[in-house]
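A look at the structure
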Amino acid sequence: MLTPAAPLRDPAALPRLLLTMVAVALLWPGVSLSELDLGVLFDGRNAEPMGSFLSAFWPPAHAEDFLALLLQATLETLAIATAGLSLALLVALPAALLASRALSLSAVSRGGRPHWLANAVRWPVRALLIVLRSVPEIVWALLFVRAAGLGPTAGVLAIAITYAGMLGKVYAEIFESVDPGPARALLGAGATRLQAFAYGVLPQAAGEMLSYTVYRWECAIRASVVMGFVGAGGLGQQMDLSMRMFAGGEVASMLLTFLALVLLADLLSRLLRGRYA
Amino acid sequence: MKGLSRLLLPLGLLAAVIAAFAFLQLDAAALLSRDGLAAMAGYAARFLQPDLSAPHLRAIAFATLETLAMSAIGTLLAALLGLGLALPGAGRFGLLAQGAARLLLNALRAIPELVWAALMVLAAGLGPNAGTLALALHTAGVLGRLFAEALENTPPEPADALRLAGSGRLAAFCYGTLPVLWPQLVAYTLYRWENNIRMASVLGFVGAGGLGQMLYLSLSLFQEAQAASVILAMLLMVLAVDALSGWMRLRWVRA
Amino acid sequence: MTLRLRGVSYRHAGGQAALHDIDLQVARGERVAIIGPSGAGKTTLLRLLASHLRPADGHLELLGEAPWRLPAAARQKLRGRVGLVHQAPPLPARQRVVTAVLAGRLGQWSLPRSLLSLVYPLDAAGARQVLARLDLQDKLYQRCDQLSGGQLQRVGIARVLYQAPELILADEPVSAMDPVLAAHSLEVLADEARRRGATLLASLHAVELALAHFPRIVGVRDGRVLFDKAAGQVRPAELQALYANEQLGTRPPASTPAMRVVHSPRC
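Thresholds, definitions, all that
- Residues numbered from 1 in each chain as written.
- Chains lettered and ligands numbered in written order.
- Predicted model: local features only at pLDDT ≥ 70, side-chain atom pairs only at ≥ 80, totals over all residues.
- Helix = DSSP H or I, 4+ residues; strand = E, 2+ residues; numbered from the N terminus.
- Buried ≥ 20, exposed ≤ 12 C-beta atoms within 10 Å, placed from the backbone.
- Contact = placed C-beta atoms within 7 Å.
- Rg over C-alpha atoms; globule rule 2.2 N^0.38 Å.
- Expected span 1.5 Å × (residues − 1).
- Pairing = 2+ DSSP bridges.
- Axes fitted to C-alpha atoms, helices over the stretch in contact; angles between N-to-C directions.
- Nonpolar A, V, L, I, M, F, W, Y, C, P; charged D, E, K, R; others polar.
- Domains from an automatic or database assignment.
- Core = buried A, V, L, I, M, F, W, Y, C linked by C-beta atoms within 7 Å.
- Parallel < 35°, antiparallel > 145°, perpendicular 65-115°, else oblique.
- Left-handed = near helix turned anticlockwise from the far one by under 90°.
- Right-handed = clockwise from strand over helix to strand, strands pointing away.
- pLDDT = per-residue confidence, 0-100.

1. Here's the deal with the overall build of chain C
- Within chain C, the secondary structure is distributed over nine helices and nine strands.
- Going through the 267 residues of chain C one by one, you find that 43% of them count as buried.
- For chain C, restricting intrachain contacts to residue pairs at least 6 apart in sequence, the fraction spanning at least 24 positions comes to 65%.

This is how it looks when you write it as structure tokens:
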């Protein structure tokens, strides 16, 4: 009945102690590097201008000419997101076709494994897509603002580039995840690749593609607001201006508009996805 | 009728796209003209020779560390604040507190990090402190909601049993609920940290420290060679974080 | 007198009555087995005694106090003097056995001590001592999800032994153990009660175990006490009446839902 007693000392104590020490050793310089100082928020000198800024939040600005400006900025934001996404689609679709293994001719005769030469053509496209989406859209926006001047053009191009990378990658994955049988059969029967795509892959992939695209459109709206802060037009640029002028009421109206916009986009995207996906 | 409504939506989308381009009046002609393209190409060419001198690389390394520190400290603060708000948010302190906590969480979450950063720069001055606070505030909203959901899905029996043996509320929470909740808290927090590293690198555009501030400054000073190496550093950091998180997920989440 | 119930009844949230008009008195140091078919109300009765459930009618006295007339803090203190062994001990899957056992004394420990012990077990020796009585000392630092059902039940018993309450309540404490182990575990509980002069009430499905280990037997059926007498005086006819037409309903085991982590795509 007697089993050898386990040692009384906690075997987890030493690892826990070490882990804590490592965490502290890493976080301590982190705190100093990030110059963390919660005190500034409650500092008396800061409190007064901040207090007057925040107290101006209510009531939100609602003068007639300001509302006209707000409407203009909101429409601009929507237009940037929509135009940017449609440009991104133009790049993403061909890129996804090139990057995807789903339409490989060499794979048909090789049991689903493409020829190494074919893969060698695919990799540069994939690498390009990775670079496009790995640089954040706001960096592209800043670069275009500097290159092409202030304004919505920079926002459109930034969204087009980043989202082309994201959509291209996801589309390629969707193409590869559907049943390859129909496309292979068509390719084997002498169809061209585009024909095989249109009749063999697209019918299966369309729902998921639409769902992801609509979700990205929702993200593009947020992104176009955020990109305004570096001068790429729309609601964000107005918000940045009002903040610099400490116009609390205007900032409040614009934040409310932004929230309404995001809510609306969410609703619309849910509607679209529920209907077609 | 059904066919018409199916046709209506694609047509509507097409109209929206055309309207968008018309509204923006994109000056494609100017942009794609010979002069426009030449100007763009000239601008791009100046990025082709990134500044890889030792002092600049050292400055980039420091800014990268600053970015990582901002994201880590911001996420940690957010996890603490999020847990503090998730407890009332999951209805532990009555309905009134629940409503208030949810409202606060939604407000924190709805405002993007960069807008928070712009506000924090006004409140706390330029520098990484503003970025850290901005990340903490937005992420607290995101994590608080996830934590509250996890808390609601945690079985109450272990903590109930401890209460029944006379334990205090906090002790029962720590012994009965936290061990069940802990893996989810850690998983959510790490996942947000990954996101925040990306975000922290661009918060500097509004003056909130890190690599972003460096990029913004060098672009303002027309130092394209320096800017190019900062962009390269950002790219490498994002790729490294992606690879690391992908490897960790493969190893721990699917296993 | 440890327990005094007069005309106690209880209705479930759905409205159906679970216990009717229970009269029961248990003196200090007594050892009582509660037997009866599934669904008779044994678990409800024990939860009532543990002041988990509040009786709809009647008078309930626990260790000389009426728990539902006390202010919340005093009731919590009273609960610390009552230990309940659960049929499926609700232990967090990733918690270590030592922590699960030490949690028995949370009612007596100060908050700083409780929190410290969560990081580093402060009384590992005490935990090992109670585990050793149940032959589980080698599992001290294992995680609860590595144990079998019967081992978990013994950890639940060890937690209550560590709590050292004046009243030990046990709800089917040995249902997942083989007969030898079940007898041994019941003997440990009885021995603990004898040694400290504590009162022991256990509900049991196995009549032989009840008759062998407990001097007093209470038969419960349909929420009523059918008989209440010394073990030696229980007649086979009474047992037959107690278990007549028992429906073989098995309760689904309590399970913790699998961990769910949502990874929403980044925007």
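2. Notes on the overall build of chain A
- Broken down by element type, chain A carries eleven helices and zero strands.
- Moving toward the C terminus, one meets the helices and strands of chain A in the order α-α-α-α-α-α-α-α-α-α-α.
- In terms of overall size, chain A is more extended than a compact globule, its C-alpha atoms giving a radius of gyration of 27 Å where 277 residues would be expected to give roughly 19 Å.
- Long-range pairs, those at least 24 residues apart, make up 75% of the contacts in chain A between residues at least 6 apart in sequence.

3. So, helix H2 (residues 44–55) of chain A
- In a regular helix each residue adds 1.5 Å, so twelve residues correspond to 16 Å; H2 of chain A covers 16 Å between its end C-alpha atoms and thus fits that length.
- Little of H2 of chain A sits out of view: just zero of its twelve residues are buried.

4. Some words on the sheet that holds strand S1 (residues 3–11) of chain C
Residues and elements named next belong to chain C.
- If you trace the three strands from one edge of the open sheet to the other, you get S2-S1-S4, paired in antiparallel fashion. Of all strands in the sheet, those bounded by a partner on one side alone are strand S2 (17–26) and strand S4 (57–62). On average, adjacent strands in this sheet sit at an angle of 20° to one another, irrespective of strand direction.

5. Looking at the interface of chain A and chain B
- The interface of chain A with chain B comprises 40 residues on the first partner and 42 residues on the second.
- At the level of secondary structure, the elements contributing two or more residues to the side of chain A that touches chain B comprise helix H1 (13–33), H2, helix H3 (64–99), helix H6 (137–148), helix H7 (152–177), helix H9 (193–227), helix H10 (234–244) and helix H11 (248–276) of chain A.
- A class-by-class count of the residues in the side of chain A that touches chain B yields 28 nonpolar, seven polar and five charged.

6. Quick word on the sheet that holds strand S8 (residues 216–221) of chain C
Residues and elements named next belong to chain C.
- Sheet architecture is open: six strands sit in the order S5-S6-S7-S3-S8-S9, paired in mixed fashion. One side of each edge strand has no neighbouring strand; the edge strands of this open sheet are strand S5 (82–85) and strand S9 (224–230). Strand after strand, the sheet turns through a mean of 15° between neighbouring axes, direction not considered.
- In this structure, strand S3 (residues 31–35) lies alongside S8, joined through four bridges in parallel fashion. When the sheet's bridge partners are listed, Ile34 is paired in S8 with Val218.

7. Some thoughts on H10 of chain A
Residue and element names in this part refer to chain A.
- The buried fraction of H10 amounts to eight of the eleven residues, a majority that puts the element mostly inside the structure.
- Looking at H10, one finds that the buried residues are Gly234, Leu235, Gly236, Gln237, Gln238, Met239, Asp240 and Met243.
- Following H10 by one or two positions, Phe246 has its phi on the positive side, about 55°.

8. Examining the domain arrangement of chain C
Residue and element names in this part refer to chain C.
- You can read the domains of chain C as domain 1 (1–81 + 167–244) and domain 2 (84–164).
- Across the boundary between the two partners, domain 1 contributes 20 residues, which contact 16 residues of domain 2.
- Here the side of domain 1 that touches domain 2 gets six residues from one element, more than from any other, and that element is helix H7 (residues 179–196).
- Taken together, the residues that form the side of domain 1 that touches domain 2 break down as twelve nonpolar, three polar and five charged.

9. Remarks on the nonpolar core
- By size, the foremost hydrophobic cluster in this structure holds 139 residues, and its most contacted members are Ala141 and Ile159 of chain A together with Ala117 of chain B.
- A per-element tally of this core places H7 of chain A first, with 16 residues.
- Within the second largest apolar cluster, 80 residues are counted, among which are Tyr10, Leu161, Leu167 and Val218 of chain C.

10. Observations concerning the packing of H7 of chain A against H9 of chain A
Residue and element names in this part refer to chain A.
- The N-to-C vectors of H7 and H9 enclose an angle of 155°; their axes lie 10 Å apart at closest approach. Here H7 lies roughly antiparallel to H9, going by the angle between them. Crossing hand, H7 versus H9: right-handed. Along its contact with H7, which presents Gly155, Ala158, Ile159, Tyr163, Met166, Leu167, Val170, Tyr171, Ile174 and Phe175, the element H9 presents Val201, Ala205, Glu208, Met209, Tyr212, Thr213, Arg216, Ala220, Ala223, Ser224 and Met227.

11. Considering unusual backbone geometry
- Following Trp58 of chain A, the chain continues to Pro59 of chain A via a peptide bond in cis, the omega torsion being 0°.
- Counting through the fold element by element, Pro59 of chain A comes out in the loop between H2 and H3.
- The phi dihedral of Asp222 of chain C is positive, around 50°, even though this residue is not glycine.
- Considering the arrangement of structural elements, one finds Asp222 of chain C in the loop between S8 and S9.
- The class for Asp222 of chain C is partly exposed, based on 14 C-beta atoms found within 10 Å.

12. Some thoughts on the environment of Tyr216 of chain B
- Among the secondary structure elements, Tyr216 of chain B is positioned in helix H10 (residues 210–220).
- Tyr216 of chain B sits in the buried class, given 20 other C-beta atoms within 10 Å.
- The residues contacting Tyr216 of chain B, other than those within four sequence positions of it, are Leu142 of chain A together with Gly204 and Phe205 of chain B.

13. Overview of the pairing of strand S6 (residues 167–171) of chain C
Residues and elements named next belong to chain C.
- Among the five residues in S6, five count as buried, and that is most of the element.
- With burial as the criterion, each face of S6 is covered, one bearing Leu167, Leu169 and Asp171 and the other bearing Ile168 and Ala170.
- Here S5 pairs with S6 via four bridges, running parallel. In the sheet register, Val82 faces S6, and the bridge partner there is Leu167.
- Where S6 and strand S7 (residues 199–204) come together, five bridges link them in parallel fashion.

14. Some remarks on the pairing of S7 of chain C
Residue and element names in this part refer to chain C.
- Most of S7 sits inside the fold, with six of its six residues counted as buried.
- Here S7 shows a buried face lined by Thr199, Leu201 and Ser203 and a second buried face lined by Leu200, Ala202 and Leu204.
- Strand direction decides the pairing type here: S3 and S7, joined by five bridges, are parallel. Within S7, the residue paired with Ile35 across the bridge is Leu204.
- Read from S6 through H7 to S7, the crossover connection turns out right-handed.

15. A closer look at the confidence of the model for chain C
- Summarising the model, chain C shows a mean pLDDT of 89, and 92% of its residues fall at 70 or more.
- Within the model, pLDDT remains below 50 along residues 249–263 of chain C, and this stretch shows 16 contacts once partners closer than five positions in the same chain are excluded.

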